[in-house]
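A look at the structure
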Amino acid sequence: MKPLTEQQIRAAFVNCTKGEATRLAVPRDLAERPWGDLDYLGWRDPQAPDRAHLVVELDGRPTALALRAAAGAVGQARRSMCSMCLTTHSGGVALMVAPRAGLAGRQGNSVGAYLCADLACSLYVRGLRDAGIGARLPETLTLEEKIRRTVANLAAFVAKVTG
């Protein structure tokens, strides 16, 4: 992924108002992010942990989504799988819900997906972050194929939000 500026990120949101995009918390460490290892930029709002955001580059331009994390059950430790990168976690997967873009979103329609709670799918796929024993199921796919699959899953989720 190409490095992005705060202004590029704020301008890329498709499922919230410009005012909301202006007010949301953007990471302050953009210059230190491992852009070469990211398929998308994802972060949780430290002031509002139920809010999350992701930015993906599709067709050469960034597209950003505002997400809400569903409240998890207290004491939930069962293993779940991220629907983007297919990493399993014990309690580290969250249902993320995105309002649909446009009129559908203003009418209250949304799309949900199970994502790594820390939004670090790119790092899990590349083995740069460890989710624990049994987190990555044995596969015969190459790293490039796993990356393509993650990007395709993410693109399909964005298409559901924007479509």
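Okay, so let's go over this structure. Note that the structure is predicted; figures quoted are calculated from it, not measured.

1. Topic: the environment of Arg10
For Arg10, the position within the fold is in helix H1 (residues 6–11). Placed 89 residues apart in sequence, Arg10 and Pro99 show a C-alpha to C-alpha distance of 17 Å. Those residues in contact with Arg10 that sit more than four places away from it in its chain are Ala21, Thr22, Arg23, Leu24 and Val26. A distance of 2.6 Å separates a polar side-chain atom of Arg10 from the backbone oxygen of Ala21. Within polar-contact distance, the side chain of Arg10 engages the backbone oxygen of Thr22 at 2.9 Å.

2. A look at the side chain of Ser80
Its place among the elements puts Ser80 in strand S4 (residues 79–81). With residues near it in sequence (within four places) discarded, Ser80 still touches Thr87, Thr88, His89 and Val93.

3. Looking at the nonpolar core
Counting residues in each nonpolar core, the largest one holds 44 residues, and the members touching the most others are Ile9, Leu67 and Phe157. At the level of secondary structure, the elements contributing two or more residues to this core comprise strand S1 (40–45), strand S2 (48–58), strand S3 (61–69), strand S6 (93–99), strand S7 (110–116), helix H4 (121–125) and helix H5 (143–162). Filtering out sequence-adjacent residues up to four positions away, Ile9 remains in contact with Leu4, Val26, Leu30, Leu41, Trp43, Val55 and Ala64.

4. Focus on the pairing of S1
Counting buried positions over the six residues of S1 gives five, a clear majority of the element. In this sheet, S2 lies alongside S1 in antiparallel orientation, the contact comprising six bridges. Along S2, the bridge assignment pairs Trp43 with His53. Hairpin geometry of S1 and S2 is characterised by an intervening segment of two residues between the two adjacent antiparallel strands.

5. What about unusual backbone geometry?
Residue Asp59 is not a glycine yet carries a positive backbone phi of 55 degrees. By the secondary structure assignment, Asp59 is in the loop between S2 and S3. Residue Asp59 is classed as exposed on the basis of its relative accessible area of 78%. A positive phi angle, close to 65 degrees, is found at Leu86, a residue other than glycine. With respect to the element layout, Leu86 can be found in the loop between S4 and strand S5 (88–90).

6. Focus: the pairing of S6
Here two bridges tie S3 to S6, and the two strands are oriented antiparallel to one another. Within the sheet, the bridge partner assigned to Arg68 lies in S6 and is Val97. Inspection of the sheet shows S6 paired to S7 by seven bridges, in the antiparallel sense. Bridge pairing links Met96 to Ala113 in S7.

Cut-off values and rules
- Residues numbered from 1 in each chain as written.
- Predicted model: local features only at pLDDT ≥ 70, side-chain atom pairs only at ≥ 80, totals over all residues.
- Heavy atoms only, no water.
- Helix = DSSP H or I, 4+ residues; strand = E, 2+ residues; numbered from the N terminus.
- Contact = heavy atoms within 4.5 Å.
- Polar contact = N/O pair within 3.5 Å; in protein donor to acceptor, adjacent residues only side chain to side chain.
- Core = buried A, V, L, I, M, F, W, Y, C linked by side-chain atoms within 4.5 Å.
- Buried < 20%, exposed > 50% of the residue type's maximum accessible area, 1.4 Å probe, protein only.
- Pairing = 2+ DSSP bridges.

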